[in-house]
Amino acid sequence: MSPDDATRQDPAAGPRSGEGVDVGRRAFLKAAAMGAAAIAAVAGGCGPRAEEFLQKNFRELSPAELARVLARLEEEYARKYEKKVNVSATGALPGTVFGYGLDLSRCVGCRRCVYACARENNTSRAPQTHWIRVLQVPREKGVDLSEANAYYDPPAVPEERFAYLPVACQQCRKPPCVKVCPVKATWQEPDGVVVVDYNWCIGCRCCMAACPYGARRFNWAEPSLPAAEVNPDTHYLGNRPRMKGVVEKCTFCLQRVRQGRYPACVEICPVGARKFGNLLDEKSELRVLLREKRVLVLKEDLGTEPKFFYFYGT
Amino acid sequence: MTRTYRATEEPMLPPASSLAILLLLFFGMGLLALASVMLGRSEGDGEGESASVAHGPAEFSALLEEDFTRGLDIAAREGEYRVPPPPFSEGIFPCSDCHTGAGEGDAKRRALEAAHTEIRLEHGGEDRWCLDCHDLRERDKLRLANGTLVPFEESYRLCGQCHGDKYRDWRSGIHGKRTGYWNGPKRYLLCAHCHNPHSPRFKPIRPLPPPVSPSHQARPAAGVAAETGGGS
C-alpha cells in the first residue's frame, strides 16, 4: 500500500513538507507527474507527490484508490508530525441527517466552544483559524447581526446588556457554497454535512463569497499546528491537517459524529446550550426542541434552509 | 457700567512658563502618538487589546481536555443513562455524621449560627427556608412538599416540584448538559451540578480570549511557525 522508499527519494517526487512551490517547480512537477503517470500505466506504481497530483475527486475514488490515498496521507502526516495520525473516510450512517440546536437564552459567550473546536479540528494556530465565531449582540436589538461584536473581552460573561450568538457553518440544506464551487470540491453528504475535499479545492474562494454566514475559512498561509497539539483522530473530509490555499469549515465534527460521539463544542459547553442529534429520529432532543420551543434560523429569507437551529429554552 | 482691569487683578503667567506648558503638551502628544504606533494599535481600534494576540487551545488544556465519554460503552446503545454523584462539598455527606440522634433539631425559622454559616440562601427570597427541602429527622434525605423523602441522587424530583417546565425540558434533553453518545448511552447532570441549590443563578465566568482581529492576523506568533516547520 505505501509507496516504496526508492520512489519517495526521487527529487521530482520529493516529500511535500517545507518550502513553497514556485511556478518553475510547479511546471516541472507537472511534467514529472505526467511522466510518472505514463510510467505508472506501464509499471503500475509511482511516487507520492505524483500520486497526489493525479488524485481524483474524493467521490470518484474507488475503494482501492481511497485506501491508497488514506495510506499516503497517514504517511505524510506521520513524517510531518512524527506521530501516528489516523485518517478515516467513514461514510454517513444510514438513516441520519444531523441537526444542531443552540439555546440563545442559555449561551453565556464564554468561548469554550471556540477553543475546543480548534483543538479537536486541527485548525491553524498562527495565522489563527477559528471555525466558531461568537457574536455579542445588544439584547435590546434582538438577533441583529449588524450590531454584532466578535472581539468582546470583559472580565466576566454574561453581561447583562448582551446576548451571545455563536456562528459556525449552518449546514444548509440548500447550500449556496456548494452551488458555486466551480470544481465540485465541496458537497453535501447523505447525512447532511457539507464537506470539502481539501485535495480537490483550488482555493478560488467562490464558496466564501457565496456563504451568507461567513462560515468558511481560507488558509492564506501554510497552517501552523504544533506536532504535540495534533489531534490524531481525523477524517479525510473533516479535521485532517490542511494545507495552504484551501478552504475549510465546520463539519459538525464528522470524525466524531459518525462514531456516535457528540461534536466537541457540544461536549465542552459549560451551560448545556448546545444540542446535537439526528433529525430523522423522532425521539432526539433536536426534534423535541423543534416541536416545543421558539426556533429561528439565521437569514431565513435567503432560503438556504440551515440545519442549525437557534432556540429560546425559556 | 464698565470696569477696568488692572494687571494685578488678573494674574497672568509669565510668557516663558506658558511657552513651556505649550511645548510640554506638544511633545506629550507626540510621544503618545509614537507609543500607539509602536504598539501597533490605531486609535479607532474598537476591539480589546487581546484581539492582537493569537491564543491557542493548548493554553487552556486544563479546561478542555475532559473525556466526556469515559465509562460509557457505545455498544450498550439505547437506554443507559448515567448521572454523576451529587456535587457535595468536601466532607459534608452523610449529614448524619454530625446530625445524630432522634428528636434533635430545631424547626424554628432562624439565621443559622452554629453551623452552615457559609450558606447564603438566595433562592426564592423570603419564602424559602432549610426545611422546605431538607428533612428535620432524616438528614441524609431530601423532602418533597408532600412529605415524601428522596435521596440526594434524585434531587431533580425536588427541583421539579416548582420548576416543572425545566424538569420536563431536562428529561427530554433540552435543558442542561448531556454528554456521551448521540445514538447511545448518555450522561446527564443533576440540577445541582450547574446550579448551587442555595443560590441557583448561574455565576458569571471569565471568557476565553477573543479571536485575532484581521489587522493582527498576518503576524504569526513567535516561535510557533519555526517549531512546526509551518510557514513557507
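Peer 1: Explain the overall build of chain B to me, please; I cannot follow it from the model alone.
Peer 2: What chain B contains, in helices and strands, is 7 helices and 5 strands. Helices and strands appear in chain B in the N-to-C order α-α-β-β-β-α-α-β-β-α-α-α. Relative to its full complement of 232 residues, chain B shows a buried share of 16%.

Peer 1: Explain the overall build of chain A here, please?
Peer 2: Along chain A, the regular secondary structure elements total 10 helices and 12 strands. The buried share of chain A, reckoned over its 314 residues, is 48%.

Peer 1: Where do I start with the interface of chain B and chain A in this structure?
Peer 2: With 48 residues of chain B at the interface, the matching set in chain A holds 54 residues. Residue assignment for the side of chain B that touches chain A shows that the elements contributing at least two residues are helix H2 (61-64), helix H4 (164-172) and helix H7 (224-228) of chain B. With 4 residues, H7(B) is the single largest residue contributor to the side of chain B that touches chain A. A breakdown of the residues in the side of chain B that touches chain A according to their chemical character gives 25 nonpolar, 18 polar and 5 charged.

Peer 1: What is the right way to look at the confidence of the model for chain A in this model?
Peer 2: Low pLDDT means the predicted atomic positions in that stretch should not be read closely. For chain A, the average pLDDT comes to 89, and 85% of its residues sit at 70 or higher. Taken as a whole, residues 41-46 of chain A scores under 50 in pLDDT and shows 8 contacts with residues more than four places along the chain or in a different chain.

Peer 1: Would you explain the packing of helix H3 (residues 155-162) of chain B against H4(B) in this entry?
Peer 2: What describes two packed helices is the angle between their axes and the distance between those same axes. Residue and element names in this part refer to chain B. Contact geometry for H3 and H4: axes closest at 6 Å, N-to-C directions at 135 degrees. It follows from the interaxial angle that H3 and H4 lie oblique. Along the contact surface, H3 presents Tyr156, Cys159 and Gly160, while H4 presents Gly164, Tyr167 and Trp170. When the residues that make up the contact of H3 with H4 are grouped by side-chain class, the tally is 4 nonpolar, 2 polar and no charged.

Peer 1: Is there a simple way to explain the sheet that holds strand E10 (residues 274-278) of chain A in this structure?
Peer 2: Sheets are built from strands that pair by backbone hydrogen bonding, the pairs being arranged parallel or antiparallel. Residue and element names in this part refer to chain A. Here 4 strands make up an open sheet; going across it, the order is E10-E2-E12-E11 and the pairing mixed. Two strands in the sheet have a free side with no partner beyond their single neighbour: E10 and strand E11 (294-296). Between one strand axis and the next, the sheet turns through 30 degrees on average, direction left out of account. Inspection of the sheet shows strand E2 (residues 98-103) paired to strand E12 (residues 308-312) by 4 bridges, in the parallel sense. In the strand pairing of E12, Asp103 is matched with Phe311. Helix H10 (residues 285-292) rests against E2, E10, E11 and E12 of the sheet, and its axis sits at about 110 degrees to E10.

Peer 1: Just checking my understanding: could you explain H10(A) for this structure?
Peer 2: Think of an α-helix as turning once every 3.6 residues; residues three or four places apart then point the same way. Among the residues of H10(A), those classed as buried are Glu285(A), Leu286(A), Val288(A) and Leu289(A). Along the axis of H10(A), the buried residues cluster in a sector spanning 165 degrees; they form a single face.

Peer 1: Whenever I open this one, helix H4 (residues 63-81) of chain A confuses me. Can you help?
Peer 2: An ideal rise of 1.5 Å per residue puts 27 Å on 19 residues; H4(A) measures up with 27 Å between its terminal C-alpha atoms. Every buried residue belonging to H4(A) is among Val69(A), Arg72(A), Leu73(A), Glu74(A), Glu76(A), Tyr77(A), Lys80(A) and Tyr81(A), and all of these are buried.

Peer 1: Honestly, the sheet that holds strand E5 (residues 186-188) of chain B in this entry has me stumped. Any pointers?
Peer 2: Residues and elements named next belong to chain B. Spatially, 3 strands are ordered E1-E5-E4 in an open sheet, and the strand pairing comes out mixed. Two strands bound the open sheet, and with one partner strand each, they are strand E1 (81-82) and strand E4 (178-180). Here E1 pairs with E5 via 2 bridges, running parallel. The partner of Arg82 across the bridge, within E5, is Arg187.

Peer 1: I would appreciate a short explanation of the pairing of strand E4 (residues 162-167) of chain A in the present structure.
Peer 2: In summary, the side chains of a regular strand alternate between the two faces of the sheet. Residue and element names in this part refer to chain A. Counting buried residues along E4, 6 of its 6 residues qualify, which places the element largely inside the surrounding structure. Residue alternation in E4 divides its side chains into two sets, Phe162, Tyr164 and Pro166 and Ala163, Leu165 and Val167, and both sets are buried. In this structure, strand E3 (residues 133-138) lies alongside E4, joined through 6 bridges in antiparallel fashion. Across the sheet, residue Leu135 finds its bridge partner in E4, namely Leu165.

Peer 1: Hey, could you run me through the environment of Glu52(A) in this one?
Peer 2: Residue and element names in this part refer to chain A. Residue position: Glu52 is located in helix H3 (residues 48-54). Separated by 17 residues in the primary sequence, Glu52 and Val69 place their C-alpha atoms 7.9 Å from one another. Non-local contacts of Glu52, meaning those with residues more than four positions away in its chain, are made with Arg72 and Asn199.

Peer 1: What exactly am I supposed to notice about the nonpolar core here?
Peer 2: For soluble globular proteins, nonpolar side chains are generally found buried alongside one another. Ranked by size, the top nonpolar core spans 77 residues in total, and within it Cys113(A), Val114(A), Ala116(A), Cys117(A), Ile132(A), Phe252(A) and Cys265(A) carry the most contacts. In this structure Cys117(A) touches Trp131(A), Ile132(A), Ala264(A) and Cys265(A), once residues within four positions along its chain are discounted. Grouped together as the second largest cluster of nonpolar side chains are 7 residues, Leu142(B), Trp170(B), Leu190(B) and Cys191(B) included.

Peer 1: Would you take a moment to explain unusual backbone geometry for this structure?
Peer 2: The general pattern is negative phi for most residues beyond glycine and trans for most peptide bonds. Cis geometry marks the peptide bond from Ala126(A) to Pro127(A), where omega comes out at 0 degrees. With respect to the helices and strands, the residue Pro127(A) is situated in the loop between helix H5 (112-121) and E3. Omega for the peptide link from Val157(A) to Pro158(A) comes to 0 degrees, which places this bond in the cis form. Within the chain, Arg205(A) stands out as a residue other than glycine whose phi angle is a positive 65 degrees. Relative to the elements of secondary structure, Arg205(A) occurs in the loop between strand E6 (194-196) and helix H7 (206-210). Residue classification places Arg205(A) among the partly exposed residues on the basis of 14 C-beta atoms within 10 Å. Phi at His116(B) is positive, roughly 55 degrees, even though this residue is not glycine. Within the fold, His116(B) resides in the loop between E1 and strand E2 (141-143). The class of His116(B) is exposed, set by 10 C-beta atoms lying within 10 Å.

Analysis parameters
- Residues numbered from 1 in each chain as written.
- Chains lettered and ligands numbered in written order.
- Predicted model: local features only at pLDDT ≥ 70, side-chain atom pairs only at ≥ 80, totals over all residues.
- Helix = DSSP H or I, 4+ residues; strand = E, 2+ residues; numbered from the N terminus.
- Buried ≥ 20, exposed ≤ 12 C-beta atoms within 10 Å, placed from the backbone.
- Contact = placed C-beta atoms within 7 Å.
- Nonpolar A, V, L, I, M, F, W, Y, C, P; charged D, E, K, R; others polar.
- pLDDT = per-residue confidence, 0-100.
- Axes fitted to C-alpha atoms, helices over the stretch in contact; angles between N-to-C directions.
- Parallel < 35°, antiparallel > 145°, perpendicular 65-115°, else oblique.
- Pairing = 2+ DSSP bridges.
- Arc of directions from axis to C-beta.
- Expected span 1.5 Å × (residues − 1).
- Core = buried A, V, L, I, M, F, W, Y, C linked by C-beta atoms within 7 Å.

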